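# Topology and contacts: notes
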Amino acid sequence: MFQFSLQLSGWQFSLFHFNQQARTIALGLLLLVSSSMLVTAQGEESGIPLEEIALETDTSDGLDLSLPSAAQAEGQAEATASGDALPPLEPAATAPLLLQTTKIGIPSNQTGTSATVITRQQIQQMQPFSLTEVLAKVPGVDVVRNGYLGATSSIFMRGMNASHTLVLVDGVRMNDPISPDRTYSYLDQISPDAVERVEVLRGPQNSIFGSDAMGGVINIITRQGEPGKPTLYAKVTAGSQGTLQEDIGIGGQYSDKLKSFLHITRQDVRGISAASSRYGLNSFGTFYRNAERDGYHNTTITARTEYTPFKNLTLDLASLFTRSRFDLDSYGGYTGDDPNFTGTNRTLTVSGSSRLKLWGDRYEQVTRLAFTNVRRENFNEPDALDSSKSHDRYRGKLLNFDFQNNFRLHRTNTLTTGLNVQHEWGDSYYNSVSVFGPFNTAAQLRSATNTAFYVQDRIQLWDRWFTTLGYRYDRHNRFGGHHNFRADSIYTIKRTGTSIKGSIGTGFKAPTLSQLYGTFGANPNLLPETSVGWDLGLEQALLGNKIQMGATLFQNQVRNLIDFRPTGLFSTAYTNVAKARMQGLEAYITSQPFKCLQLRSSYTYTDTKDLGPSSTQGDALFRRPRNKASFNINYQPIKRLNINLDITHTGQRSDLDFFTFPARPVKLKAYTLINLAMELALSDQVSLYGRLVNFLDTPYETVKGYGNPRISAYGGLRWAL
């Protein structure tokens, strides 16, 4: 074991604290990048154009970090609007668009933040059923789900807790204010067909977004009206697990001042047993196996409208409505089946923003107001196995106001200041009747308010060195003030196509309403969680950006972790109990050796450790794989045919088996999933598509005791006008 540490303001950073396997991988990637730099430099010195340097080795690629240029995006939009079901592949050498998640639109190749962008074309090529599948391909991101479509999911970013990942839809916070950890657990509700792109920013982002962003931010940007005549499209998908999904979308740019888009999705799935059917129990001479299907039914509507009454003023209105009903099981594993356990979820978000530019764009004022309303209910009726019944209800609301000012002091300097106010409130209720009698408990309506001031300075030197400095002061009405800072920088050597980048920042997360005042284990004396995180990376472009590769080391340290722990013989409560360290390596390679062929691959090594004090001190954190890798090949041999092969390997993880008492630690086996998707355009308006999922028929679990589909097939028809 090798370690080098740095002491700073009471925090100890283990800059390198990896085992031999991780060090070997890291050194190999750095040597690969270094050798690529030498090849580039030698090619330039010899006068040979980089495009003519032959490569004798295979290349591969992860999700593209760049976006098409504005001109290319407009061209693709026009192709889609005209009914071309399969637009040409996005070339690898494209100018990056602006990252909306940064609030001031920083190009993705001019920020020290580790960022991944997944475009609409990449999503269409993979044909995923949910964004859960899309995010699982991103370096440093792990998604687990308690069953199949509709089940609650958890997003771990760089080994941090799921509660440390902030999820946005068009910039609106989706984290449920009344959920126990204030997470967003229903990614399946948003149809991938409604998404324009997904931006993933890894590392602490609290200087911009405040609480909930200690691990990173995921911004899901929905489709908007595109240049050209208004478009109308419909899509119908059917297949395994009794799946039927319909999508319809309409929108366009109706004038120079107005554009809009509306998308409606309906999903009906018979499903599989949430409690895995692999488990059986031989009890009193009978063999019981989880076999009851847990279905999922969902309707989602997304809408966006942008109006520009004057050249310097833009108004934007966005909304999202979801209504879902899903079947549940009592728990995972043996005898977990429950035929009468159901749940419902309704979510409504509405947001409006204005963008005003004055003095020749030297000053920009952005005002945003967003409202989120969430209502969840679970119903468990008596059945042959359990005569008890229960009903629980959770209602949460969040109002968010943001007033942002951008001052372009010089072409090399942009200063941003802002005021942010968040007010959340919610209540919950639980009622049950069993052989022990009735039981009722309720958490009355409670609220919390956080007011923050933030400042950010964006500095650009020599068109190759870009630095962003950020500071935010949050004032919580219960926990007082918290200071957070962040700095990121990237320096590009244009001669060799090499970029050196890094970031460091602090974060905090306030206890949730449920943890403070909820129906089970509430503790009004909780302290906020705090963290420090850093990363350092190297990126290399070759052959005019036809090959891109990079590697990033990262580490996070968290204090005052909140956990649900026993406080007595028959009592449990939320308490500040632990410290933890998460560190690792992210790497990717992307390549487009031919116009019709794209290769993407990524690898993530994550080492997590519970620093205690607790009974699990020294153990790895649950459900985080140490190794994860993905490989994607997209081939378009002719204009009307696209073939996509996707391979994902997830390594061994730790988890808890709750079928025993007390719950015992177990290891979940590593698994590899292979998916194949094809789409054939029959005409400029109609295309057929099909997908094989897990066609090696691999049994696997992301959560102990919960099921996942085996080999599955889906197909459908897409029509566009």
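Refer to the structure printed above.
Quick look at the structure, then. (Residues numbered from 1 in each chain as written. Predicted model: local features only at pLDDT ≥ 70, side-chain atom pairs only at ≥ 80, totals over all residues. Heavy atoms only, no water.)

Another aspect to go through is the overall build of the chain. Helix and strand counts for the chain come out as 6 helices and 37 strands. The burial tally for the chain puts 56% of its 721 residues in the buried class. For the chain, contacts bridging at least 24 residues in sequence account for 64% of all contacts bridging at least 6. Of the roughly 30300 Å² that the chain leaves accessible, carbon and sulfur atoms contribute 60%. (Helix = DSSP H or I, 4+ residues; strand = E, 2+ residues; numbered from the N terminus. Buried < 20%, exposed > 50% of the residue type's maximum accessible area, 1.4 Å probe, protein only. Contact = heavy atoms within 4.5 Å. Areas by Shrake-Rupley, 256 points an atom, 1.4 Å probe, with all protein chains shown as cover.)

Let's shift gears to the nonpolar core. Counting 33 residues, the largest nonpolar core has Leu135, Val141, Ile155, Ile190, Val200, Ile218 and Ile220 as the members making the most contacts within it. Apart from residues no more than four positions distant in its own chain, Ile155 is found in contact with Leu135, Val141, Asp142, Val143, Asn161, Ala162, Thr165, Val167, Leu187 and Ile218. Counting 12 residues, the second-largest nonpolar core is a separate cluster that includes Phe479, Leu516, Tyr517 and Leu526. (Core = buried A, V, L, I, M, F, W, Y, C linked by side-chain atoms within 4.5 Å.)

What follows concerns the pattern of salt bridges. In this structure the tally under the stated criterion is 38 salt bridges. One salt bridge in this structure joins Glu199 and Arg197, with 3.1 Å as the shortest N-O distance. Judged by relative accessible area, which is 0%, Glu199 ranks as buried. With a closest N to O distance of 3.5 Å, Arg304 and Asp316 form a salt bridge. (Salt bridge = Lys/Arg side-chain N within 4 Å of Asp/Glu carboxyl O.)

Moving on, we get to the pairing of strand β35 (residues 671–681). Across 10 bridges, strand β32 (residues 641–650) lies against β35 in antiparallel orientation. Note that in β35 the partner of Asp646 across the bridge is Asn675. The pairing of β35 with strand β36 (residues 686–693) spans 6 bridges and is antiparallel. In the sheet register, Leu680 faces β36, and the bridge partner there is Leu688. Where β35 hands over to β36, the hairpin turn is made up of 4 residues, counted between the paired strands. (Pairing = 2+ DSSP bridges.)

Strand order in the open sheet formed by 5 strands is β5-β10-β11-β8-β9, with mixed pairing between adjacent strands. What marks the edges here is a single partner per strand, and that holds for β5 (114–119) and β9 (172–173).

Tracing the chain through its elements places Thr698 in the loop between β36 and β37 (712–720). Look at Thr698 and you get buried, because its relative accessible area is 17%. Of note is the side chain of Thr698, whose polar atom sits 3.4 Å from the backbone oxygen of Thr672. Once you skip the residues sitting within four places of it in the chain, Thr698 turns out to touch Tyr671, Thr672, Leu673 and Arg710. (Polar contact = N/O pair within 3.5 Å; in protein donor to acceptor, adjacent residues only side chain to side chain.)

Moving on to unusual backbone geometry. In the Ramachandran plot, Asp170 falls in the positive-phi region, its phi being about 55° despite a non-glycine side chain. Relative to the elements of secondary structure, Asp170 occurs in the loop between β8 (165–169) and β9. Note on Asp170: relative accessible area 21%, which makes it partly exposed.

By the definition in use, this model includes 9 aromatic pairs. Centre to centre, the rings of Trp359 and Tyr363 are 5.6 Å apart; their planes meet at 45°, and the pair counts as tilted. With relative accessibility at 63%, the residue Trp359 sits in the exposed group. Chaining the aromatic ring pairs together yields one cluster made of Trp359, Tyr363 and Phe407. Positioned above the aromatic ring of Phe209 is the side chain of Lys103, whose terminal nitrogen or guanidinium carbon lies 5.7 Å from the ring centre. Above the face of the Tyr689 ring, Arg718 is positioned so that its terminal group lies 5.4 Å from the ring centre. (Phe/Tyr/Trp six-rings, centres within 6.5 Å; stacked < 30°, edge-to-face > 60°. Lys NZ or Arg CZ within 6 Å of the ring centre and 35° of its normal.)

Residues Ile248, Ile250, Leu262, Ile264, Ile301, Leu317, Phe321, Leu348 and Val350 make up a contiguous nonpolar surface patch of about 660 Å² in total accessible area. Counting residues per element, the ones that place at least two in the nonpolar patch are β13 (243–253), β14 (258–272), β18 (313–327) and β19 (341–358). With respect to the helices, strands and loops of the structure, Leu317 is situated in strand β18. (Patch = residues over 30% accessible without salt bridge, like charges linked within 9 Å, V, L, I, M, F, W, Y side chains within 5 Å.)

As for its placement among the helices and strands, Arg581 is situated in strand β29 (residues 572–594). Exposure remark for Arg581: the relative accessible area of 6% places this residue in the buried category.

The subject of this paragraph is the environment of Ser191. Along the chain, Ser191 falls in the loop between β9 and β10 (195–202). Look at Ser191 and you get buried, because its relative accessible area is 2%. Placed 108 residues apart in sequence, Ser191 and Thr299 show a C-alpha to C-alpha distance of 9.7 Å. Beyond its immediate stretch of four places on either side in the chain, Ser191 contacts Gln245, Asp247, His263 and Thr265.

Within the element layout of this structure, Leu99 appears in strand β3 (residues 98–99). For Leu99, a relative accessible area of 1% puts it in the buried group. A C-alpha to C-alpha distance of 9.7 Å links Leu99 and Asn219, two positions 120 residues apart in sequence. With residues near it in sequence (within four places) discarded, Leu99 still touches Gly105, Ile106, Ser108, Thr111, Ala115, Val117 and Glu199.

What follows covers the environment of Arg411. Checked against the element boundaries, Arg411 lands in the loop between β21 (389–410) and β22 (413–434). With relative accessibility at 72%, the residue Arg411 sits in the exposed group. The spacing of Arg411 and Gln460 is 49 residues in sequence and 8.0 Å in space, taken between C-alpha atoms.

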